[in-house]
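# Inside the fold
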Amino acid sequence: MHELVEFAVEKALELGADYAEARFEEKSGTSLAMKNGNPEGLEVLADRGIGIRVLVNGGMGFASTNVLTKESVAEAVKKAVKLAKAASKVRNEPIRFSEEDFHEVYYEVRMRKDFRDVSPEEKLELLKKVEEEVKATGVNVPMRYLMYSDWMWHKILAHSDGAFVESYIPRVSLTYNLVVFENGQMEQAPFVQRAFSGGLELLEKDEPWKWAVKDVQALKRLIYEGQKPPEGKVDLVISPEVAGIAVHESVGHPYEADRIFGREAAQAGESFVKPDMLGERIGSDVVTVIEDPTIPNSWGFYLYDDEGVKARPRYLIRNGIITEFLTNREYAYKLGQRSNASARAINYNREPIVRMANTYLAPGDYSFEELIEDVKLGVYMVSFNEWNIDDRRYQQRYIGREAYLIENGELKHPVKRPILEITTRALWSSVDAVGKDVEMFPGTCGKGEPGQGVPVWMGGAHARLRDIPLRRP
Amino acid sequence: MFDVNEFILKKAKELGFGDVVVLSYETNRRQVRFANNGITVAKNWHERKVELFVEKEKRVASTTITDLSEENIERTLETLLSNMRGMAPKEDYYGIAEGPFEYRDIPETFDKAIVELDEPNEYVETAINAALEEGAKRVAGVLYTDHNKLYLTTSNEVEAFDEGTGIEISVRAFIGDLESGHGTNSVRVLKKFDPESAGRKAGEIARLARNPEQGPEGKFDVIFDPLAFANLLSYMSFMTSAYAAEAGFSFLVNKLGQKVAADGVTIKDIGNLPNGYGTRKFDDEGVPTRETIIIENGTFKAFLLNTSLARKYKTETTANAGLVMPHAWNIVLEPGDYSREELFSEVKRGIYITNVWYTRFQNYVAGDFSTIPRDGIFLVENGELKPIRNIRVSDNLQRILENVIALGKELHHIHWWEVNTPVSTPYVLVKDVGITRATK
């Protein structure tokens, strides 16, 4: 396949491209679903193809094909060049890429338990284990949807500025939707996922059935003991899971440079953040948010991005100050910077665009007990269901699934659906203390047209927010 | 590609599979994305692939084959077979449809002019210029052209072919950071394509939305623009699948025959809708697509089904396979008899929402959700529109349907990034919609 990738780059240059990039991707794996105890069947994933991106006279063209012959690839290259030429005529300023150091590299994530050697039958056992453990709780869970998936993601990237990057990254994941029905009431834990880059041993060690059991027990308790949350201004302690969704939505997304410059305006939206906001205060000085693709075995893991730039941790907020945007080469050039390797594509047939990887609220120095001990009246939000944010990433809302009242420094009964609806600046300015232990949670981040759902981790430490106007449903 | 299908079917039979569905695609899709009044990237996708579904003694499996060489096909089938050995059967599997069927051509689903269209950039420029003429400063969006060929062969005597085209545009226009509007146009034949109207609507809403003030919260009568209501119905379309109901993702669970909407609300799925962006001649089992009434005059009538789920529930398929998961083709909310002006004059004090995004559910079975208005939002007071911003619709899907009090008389066919399943809907007036906002 290496020859075909190189052929595509050379062919594009021959046809007049100023820059040419070819990316071969192959994904192979299996997925299994189980609905209410019934195995729903096996799906075998075997997808491969090549995508070619070119710049001609400052216009960008992209074409892909899954017919991996020289003729077909040459045809795709021809189309990409033609599209780029036509696009260059409808542009106010030409697209330029930042200068970077490029490498010829090969890397892979090793699996201790290689899922390719494990039968679907044995993988189905993981789902059965969730079923059994959930049933063993005695909680009535009439709707149970479970899904397992794994795939090996092989990529070969080459471009005319000198990168040649080949990688093998395996990914395993288990997702569940559980509906608890007790005492005439119903609560739900939807789309809960446990996921890693690596072998099956990571999922086994994580014991997703324990998360499922914890969820259904918490929901049952919520039904029987849950009370209305307090309303009005209280203190709020958010868990690493809730901190994770909040940093992803209100820090990661608005710091994406393509969004800041309007490229995503028609779909994922723009941003309240402007280029001149670097150095501006957005949160209290205990707030530091890091974006790091290089965390071993993380769901959002990579070492080189899809433009061949070497990845590193990125400090989006340091002690409350906006310090860095997420960039690819196009927007690094516009900002007069180097790219920080945020270009990602979900498949060979998608262009690399600015994306997050693993975003987290950096730890502080409080234990959980210290975080709640001087809260007179407040709520501890452990997990969430409904969440959303406007397309400038400023007005957001998170509704607690598992949540508890905090009274005079102690955790009390569960509370039902506390609602945090707040602006980004108010949210991060209200944090007065951050816990010392970091936990991460997987998710699929949506962006792009056509849509690209990329694997990400979100998380961080516990955080305490003071004087937060909480709502009830 | 029928020769490939035949080969796969023959080999699958030799290996002892029972039900087999081979669905081949040849697709050519072109995209032009634009932002800040210029093209950001132009793309072309060419794809040949086969979606394969096999069954053996109630064990089911599926895969997509993209390397169509005979040796890869044989290897893939053998892999599926070996993987299925030892797996537990899907006890509620009841087979696929018995063919053969007869198919009719559906009007306005294929146009040679789209296949032969060399250069669609002029349509992008038309849309951008229309928005700028209305007063927009920045225009962004996306244009697609589609050409698809579909070849279906099943072990139950089905051999079916469909060829379709499409062209669509989605345009968002901005004046400042907070003033924007959105318009779309999705059609299957070139002569009906109207990129100018999409650009003009986007620009016009942006112009009307200038200098918005913080919006109120509480319960309001809300006029949903077709773009906004299509979003809600597109999310709901998933919930109309019997599969989603079984899996705990639908507020329609256990509500067959019950009242779930106002009397005036009739919602259908129309698989053979002329000029519909989701229209196809047949479903994934080869059953000719048709119209299925989901909600009739407020009463929930039917889930969308494939043959296996239909047999499980002792009824007929609705021609919505998806072999594992039935799904809608084109959701249609039947229009009412209000002109747009009459609808707005019904509202003494309410809110007009032109678009929403980020619809998320707190609880799928209960139907509790929120969604965020984007682009122009307006307070409607005695026929006057006053721009507002920063509000959220926080309510329940069933309650929204129950509170529909008036429907416009014109249908608008909507399909874009946020409306994945195409929806035809009029303007909709809903009473007492929950509106919230951030308080800090």
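An account of the accompanying structure is given in this report. Numbering of residues begins from 1 in every chain and follows the order in which that chain's sequence is written. Just so you know, chain letters begin at A and ligand numbers begin at 1, following the order they were written in. For a predicted model such as this one, the threshold for reporting local features is a pLDDT of at least 70, and the threshold for listing and counting side-chain atom pairs is 80 or more; totals across whole chains, interfaces and linings nevertheless cover every residue. For side-chain calculations, the full set of non-hydrogen atoms in the structure is used, while hydrogens and water are omitted.

All names here are of chain A. Helix and strand definitions here come from DSSP, where helices need a minimum of 4 consecutive H or I residues and strands a minimum of 2 consecutive E residues; each element is numbered from the N-terminal end. With respect to the helices, strands and loops of the structure, E204 is situated in helix α4 (residues 200–206). For E204 and K113, which are 91 residues apart along the polypeptide, the C-alpha to C-alpha distance reads 9.8 Å. Sequence-distant contacts of E204, that is, excluding residues within four places in its chain, are made with K113, L126 and W209. The contact rule is simple, with two residues in contact once any of their heavy atoms fall within 4.5 Å.

Residues and elements named next belong to chain B. When you line up the elements, T109 lands in the loop between α2 (70–84) and α3 (112–115). Sequence-wise, T109 and I73 are 36 residues apart; in three dimensions their C-alpha atoms are separated by 32 Å. The residues contacting T109, other than those within four sequence positions of it, are E163, G164, T165, R188, N275 and T279.

Residue and element names in this part refer to chain B. Look at the link from G99 to P100: it is a cis peptide, with omega at -5°. Relative to the helices and strands, P100 resides in the loop between α2 and α3. Note that the residue after A321, namely G322, is joined by a cis bond; omega there is 20°. With respect to the helices and strands, G322 occurs in the loop between α8 (307–312) and β12 (331–333).

A word on the sheet that holds strand β11 (residues 299–300) of chain B. Residues and elements named next belong to chain B. The pairing criterion for strands is at least two bridges between them, as found by DSSP. Spatially, β11-β10-β9-β12-β21-β20 is the arrangement adopted by the 6 strands of the open sheet, whose pairing is mixed. In this open sheet, the two edge strands, each paired with only one partner strand, are β11 and β20 (412–416). Across the sheet, helix α6 (residues 226–239) lies against β9 (267–270), β10 (291–296), β12, β20 and β21 (419–425), angled at about 120° from β21, the strand it touches most. Axis definition: a line fitted to C-alpha atoms, over the contacting stretch in the case of helices. Angles run 0 to 180 degrees between N-to-C directions.

Here the focus is the sheet that holds strand β9 (residues 289–291) of chain A. All names here are of chain A. A sheet is described by the order of its strands in space; here 6 strands give the open sequence β11-β10-β9-β14-β23-β22, paired in mixed fashion. Of all the strands in the sheet, the pair left with one neighbour each is β11 (321–322) and β22 (439–447). As defined by bridge partners, strand β14 (residues 358–361) adjoins strand β23 (residues 452–460) across 4 bridges and the pair is classed as parallel. Bridge assignment links Y360 to a residue of β23, and that residue is G459. Sheet contacts for helix α6 (residues 240–252): β9, β10 (314–318), β14, β22 and β23; angle to β23, the most-contacted strand, approximately 125°.

With that settled, consider the packing of aromatic side chains. To pair, rings of Phe, Tyr and Trp, with the six-membered ring standing in for Trp, must have centres within 6.5 Å; the planes then decide the type, stacked if under 30 degrees apart, edge-to-face if over 60, and tilted in the middle. In the structure shown here, the tally under the stated rule is 34 aromatic pairs over all chains. Here a set of aromatic residues connected by ring pairs shows up, and it is made of Y145 and F191 of chain A together with F238, Y243, F249, F361, Y364 and F369 of chain B. One cation-aromatic arrangement involves R194 of chain A over W211 of chain A; the distance from NZ or CZ to the ring centre is 3.7 Å. One cation-aromatic arrangement involves R29 of chain B over Y144 of chain B; the distance from NZ or CZ to the ring centre is 3.8 Å. Charge-over-ring placement is defined geometrically: NZ (Lys) or CZ (Arg) within 6 Å of the ring centre, and within 35 degrees of the ring normal.

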